[in-house]
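Topology and contacts: notes
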Amino acid sequence: MSRSNAHTMDFYDRVAAFRDGDIPRQVESATDADVQRLLGKHTLSAQDFLCLLSPAATPHLERMAQKAHALTVAHFGRTIVLYTPLYLSNFCSNHCLYCGFSRNNRIVRRQLTLKEVETEARTIAETGLKHILILTGDAPDIASLDYIESCCEVLGRYFPAIGMEIYALSQADYGRLIEAGIDSLTIYQETYNETQYNRLHPKGPKRDYRFRLDAPERACRAGMRAVNVGALLGLDDWRRDAFFTGLHAHYLQDRYPETEISISLPRMRPHLGGYQPGCIVEDRHIVQTMTALRLFMPRVGITISTRESARFRDRLLPLGVTRMSAGSCTAVGGRIDKTAGTGQFDISDERSVPQMVSMLTRAGWQPVFKDWQRIGGWTERRHSISQ
Amino acid sequence: MNSIHSMDSLTIGGHAFDSRLLIGTGKYPADDMIPTIIAASGSRIITVALRRVDFEATTDNVMQHIPDDMQLLPNTSGARNAQEAVRIARLARATGCGNWVKIEVIPDSKYLLPDGHETVRATEILVKEGFVVLPYINADPIVARQLEAAGAAAVMPLAAPIGTNRGLTTREMLQIIIDEIKVPVVVDAGLGKPSQACEAMEMGADACLVNTAIASAADPVAMAGAFAAAIRAGRDAWCAGPGAIRTSAAASSPLTGFLYEQE
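Residues numbered from 1 in each chain as written. Chains lettered and ligands numbered in written order. Predicted model: local features only at pLDDT ≥ 70, side-chain atom pairs only at ≥ 80, totals over all residues. Heavy atoms only, no water.

1. Some points on the overall build of chain A
- Scanning chain A from N- to C-terminus turns up 17 helices and nine strands.
- Restricting to contacts in chain A with at least 6 residues of sequence separation, those with at least 24 account for 75%.
- Total accessible area on chain A stands at roughly 14,700 Å², and carbon and sulfur atoms take up 50% of it. (Helix = DSSP H or I, 4+ residues; strand = E, 2+ residues; numbered from the N terminus. Contact = heavy atoms within 4.5 Å. Areas by Shrake-Rupley, 256 points an atom, 1.4 Å probe, with all protein chains shown as cover.)

Below, the structure is given as structure tokens:
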């Protein structure tokens, strides 16, 4: 793909431009000398990034890790921003084969009342956390935009930064929720392989691959402060999905320099419904993905969730991580109601906020509770200079 | 023993300071390290990102670790345009952080480069509102001149992209700014080693702001002391007026020597 073509292509075309056969061929053809050359290079291209994901890079993981560590400390310092997820609703009209909230799973469906949202918010705020990530299933009639706006009004009293991970929206609807106080969006493509995506999403609105793929870009256009993308590693060949995740983040960072772009590296976890990962993603693959991403994009944020074990998260800490969740709970109402139902997935790292703080401090990292200050709605900020 | 030149003070916004090293608060492994860093650096001015300040902290909070006698320099990190910078500055003042502000308008999350035009706009507004404004800018002499005209208390051009520790990569433009701008010039961002800070001071800069190079050092406290010493040395050298640099030791004058030849 030539540089000039790449500039005008949208992301869907860019993914399509890497024909199916190309990636495995490029991965297999990377040599030790290629990797050695890249490790001395200042700015990496997408092809270089792919080379660092190849088997040829495996013997160089330690060097990649050391470079990734140095870049992360230089650009982000020895700091980790802490956040926690708050599940508002698990109603869902999708049938995603790998998800515990799939409409075919017989679980107790629940949506928090505003009073319950307030109680959960207070419980979380008491731990000192300031960054919250709200989540819902894909049920716009129940977990509606009106409902989310009302939740934001409650949560805004407790948290200076509210992120969301909900169903894909139009640009206008992203704008509406930004006005309501949402400042960051997390949305995973799950897998960038369109054929596999269609197989894994047989029913429901999420079946529209293209609408989901373009959602992060619509959020950037709407003026979202931060956008976080990712693939659920294990649904398809991990190298391919890791590559497209990096490419996606790079595309967004290029086109929307005002937006803080970040990446999550979620790995398939056991859940109700029993879907087994299509591809085994080993710890060393996560390490290779994270360090290659850091070398490719020195300033991109990287999040590791509680899907990973406490021990592994601790080891990943110096390799490029900038954000971690703490005191997580993936069941709706799980913090206020100990009998709350099934979570979206099983948490592996169940450490509380004080335990995470203590681990980070011991390891020489500063837990950052607050890294954003809400300064009014976007429209207000953008269009008026008031005195 | 310090020379008398080391005692010349830095004056910004009508206040005199006995240190020419400004420091930051981000990127340290722990905030409780900050008082020790301040002591080792001798710094009198410290910048803090308002986005990190927690006014209702139930947990540890960066503000608890900054002694009252330090000049607080809240910065507008996170602002992407003039409007956001202005709002953050007003919020800082309203929440008791004083009327100094370091303007950072950064519409570029890839390299964290500042937007000169928006920075000038924010400066114009905030100066009129009585703020002491220190804008962070690219090493652009024209922008520096516009900021001076807008009433900035100092200008803070970058030596290299922030966080890179690459040193005085913008040297030529920095020298023009130093030569032309009447308000203090504080070299900010990209200084990786004390020798580079020393060189900036030898060039005539009034002060340096160092964060990453101190915070990411294996021993941040020792590095803070090293930067302080380098900045003192550079300032002393500039005050002393270095001798001319010669490319050869030739004493003869092959082209004009004939003027002095005896008939």
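2. Let's talk about the interface of chain A and chain B
- On the chain B side, the residues contacting the 41 residues of chain A number 38 residues.
- A combined buried area of about 3,500 Å² lies between chain A and chain B, and 46% of that area is made up of carbon and sulfur atoms.
- At the boundary of chain A with chain B, the tally comes to five salt bridges.
- For R51(B), the salt bridge identified is with D371(A), shortest N-O distance 3.2 Å.
- Where chain A touches chain B, the interface holds 19 residue pairs in polar contact (both at pLDDT 80 or more).
- Sorting the residues of the side of chain A that touches chain B by element identifies α6 (61-76), α13 (238-255), β9 (366-368) and α17 (378-383) of chain A as the ones contributing at least two each.
- Here the residues of the side of chain A that touches chain B are counted per class, giving 13 nonpolar, 17 polar and eleven charged. (Buried area = accessible area lost by both parts, 1.4 Å probe. Salt bridge = Lys/Arg side-chain N within 4 Å of Asp/Glu carboxyl O. Polar contact = N/O pair within 3.5 Å; in protein donor to acceptor, adjacent residues only side chain to side chain. Nonpolar A, V, L, I, M, F, W, Y, C, P; charged D, E, K, R; others polar.)

3. Here's the deal with the pattern of salt bridges
- Applying the stated criterion to the full structure yields 32 salt bridges over all chains.
- The network of salt bridges with common partners includes D183(A), R225(A), E260(A), D371(A), R51(B) and R52(B).

4. Looking at the confidence of the model for chain B
Residue and element names in this part refer to chain B.
- Looking at chain B as a whole, its pLDDT mean stands at 88, while 91% of the residues score no less than 70.
- Below a pLDDT of 50 lies the segment residues 1-6, which in the model reaches six contacts outside its immediate sequence neighbourhood of four places, other chains included.
- Predicted complex metrics record ipTM = 0.71 and pTM = 0.83. (pLDDT = per-residue confidence, 0-100.)

5. Quick look at the side chain of T84(A)
Residues and elements named next belong to chain A.
- Its place among the elements puts T84 in strand β1 (residues 79-87).
- Side-chain polar atoms of T84 contact the backbone oxygen of A326, separated by 2.7 Å.
- Beyond its immediate sequence surroundings of up to four residues, T84 is in contact with I124, L129, H131, I132, L133, A326, G327, S328 and R335.

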